[in-house]
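# Structure at a glance
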Amino acid sequence: MSKLVTIYGGSGFVGRYIARRMAKQGWRVRVAVRRPNEAMHVKPYGVVGQVEPVFCNIRDDTSVAAVMQGADAVVNCVGTFDKGGKNNFDAVQHEGAERVARIAAEHGVVSLVHLSAIGADVVGDSLYAQSKGKGEEGVLTHFPTAIILRPSVVFGQEDQFFNRFAGMSRFGPILPVVGADTMFQPVYVDDVAAAAEQGVLGKAAPGIYELGGPAAMSFKDIMQEMLGIIRRRRLVVNIPFFFATAMGIGFDILTFVTGGLISGPITRDQVVSLRSDNVVAENAKTFADLGIEPTSMEAVLPFYLWRFRPSGQYDAIKESARNLRAD
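Residues numbered from 1 in each chain as written. Predicted model: local features only at pLDDT ≥ 70, side-chain atom pairs only at ≥ 80, totals over all residues. Heavy atoms only, no water.

## Concerning the overall build of the protein chain
Secondary structure summary: the protein chain contains 11 helices and 13 strands in total. Since a compact globule built from 327 residues should have a radius of gyration of about 20 Å, the 21 Å found for the protein chain is in line with a globular shape. A principal-axis box enclosing the C-alpha atoms of the protein chain has dimensions of 70 × 55 × 40 Å. Of all 327 residues assigned to the protein chain, the portion counted as buried reaches 50%. Taking contacts inside the protein chain between residues at least 6 apart in sequence as the whole, the part at least 24 apart equals 75%. Total accessible area computed for the protein chain in this model is approximately 16000 Å², and 54% of it derives from carbon and sulfur atoms. (Helix = DSSP H or I, 4+ residues; strand = E, 2+ residues; numbered from the N terminus. Rg over C-alpha atoms; globule rule 2.2 N^0.38 Å. Buried < 20%, exposed > 50% of the residue type's maximum accessible area, 1.4 Å probe, protein only. Contact = heavy atoms within 4.5 Å. Areas by Shrake-Rupley, 256 points an atom, 1.4 Å probe, with all protein chains shown as cover.)

## Observations regarding a positive patch on the surface
Positive charge collects at one region of the surface, where R34, R35, R59 and K86 lie side by side. Residue position: R34 is located in the loop between β2 (28–33) and β3 (51–55). Since its relative accessible area comes to 45%, R34 is described here as partly exposed. (Patch = residues over 30% accessible without salt bridge, like charges linked within 9 Å, V, L, I, M, F, W, Y side chains within 5 Å. Salt bridge = Lys/Arg side-chain N within 4 Å of Asp/Glu carboxyl O. Lys, Arg positive; Asp, Glu negative; His and termini not counted. Charge placed at Lys NZ, Arg CZ, Asp CG, Glu CD.)

## Points about the sheet that holds strand β11 (residues 207–211)
What the seven strands build is an open sheet, ordered β3-β2-β1-β4-β5-β6-β11; its pairing is parallel. Of all strands in the sheet, those bounded by a partner on one side alone are β3 and β11. Between one strand and the next, the sheet's axes are offset by a mean angle of 20°, whatever the strand orientation. Two strands pair when backbone bridges link them, and β2 and β3 are joined in this way by five bridges, in the parallel orientation. Following the sheet pairing, V33 is matched in β3 by F55. (Pairing = 2+ DSSP bridges. Axes fitted to C-alpha atoms, helices over the stretch in contact; angles between N-to-C directions.)

## With respect to the side chain of S111
Counting through the fold element by element, S111 comes out in strand β5 (residues 111–115). Overall, S111 belongs to the buried group, its relative accessible area being 13%. Within the local environment of S111, its side chain forms a polar contact with the backbone oxygen of V200, the two atoms lying 3.3 Å apart. With near-sequence residues (within four places) excluded, S111 lies in contact with D72, A73, V74, F143, G199 and V200. (Polar contact = N/O pair within 3.5 Å; in protein donor to acceptor, adjacent residues only side chain to side chain.)

Nothing here speaks to function; it is geometry throughout.
Pasting the structure below:
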């Protein structure tokens, strides 16, 4: 019988790419999610019955253990940007991550891949970074041979980064950003999935890998690159941190008083995160240690951001028409 991998959060942005790769490897893939009925898009990744969404609550031992039965490998992709509610930073990224690792060790799982983030630090400035750091600490305590992947900002067709800012660019001559000088190293989602695949297949040495794309760029330069691809001329304006902090606090209060029904475009914790560069450390293990050459933004962004161009799919045709000369 083919091997089985359980992917917690396997229907999410990164998880679905890992699920697709493992299905292509011939593995059975169990996609553990809170809402299986909303994860049916993963089923066509393999033959009938090869990829199956199943219910799991990462906050519950019994639920986590049930979907891990018989698994040869485990991948944890579950993460959150919500600091409140039941599925908050600590519940998901700290306690949930530790729970998966502990139960994986108890079940004799051969390999464990854990998706974290660059900047993870138990004493980090942001609550997000702290929860990611505590999660890594818990994973390594129970599963010392785990492979931990720390990507920079991840891009791809379903991302909430470039799609969000490209969408914002349609509504005025100004594109506001917080932390214009903060450095990022955008990484293609399928490259992250390829790294996870190496871990599941036992082709990667245990340890922490920091994953970034070919180029480190400031937030402002990244936005300028994006604007060039979608052919829009916008002024990228930096929002000072003191003002962004006040905005974040205000939006946090709004989220609290509405019981989470209304959330703002940025939180105070995200503003804190944006004060720190998000690039691969000089002494870190990287894609190079996995034999993977990262993909550039320029090679991917045009294939899914074209819809944000002034004329969408017809923009290139109109541009060519303008260059025609009458005989």
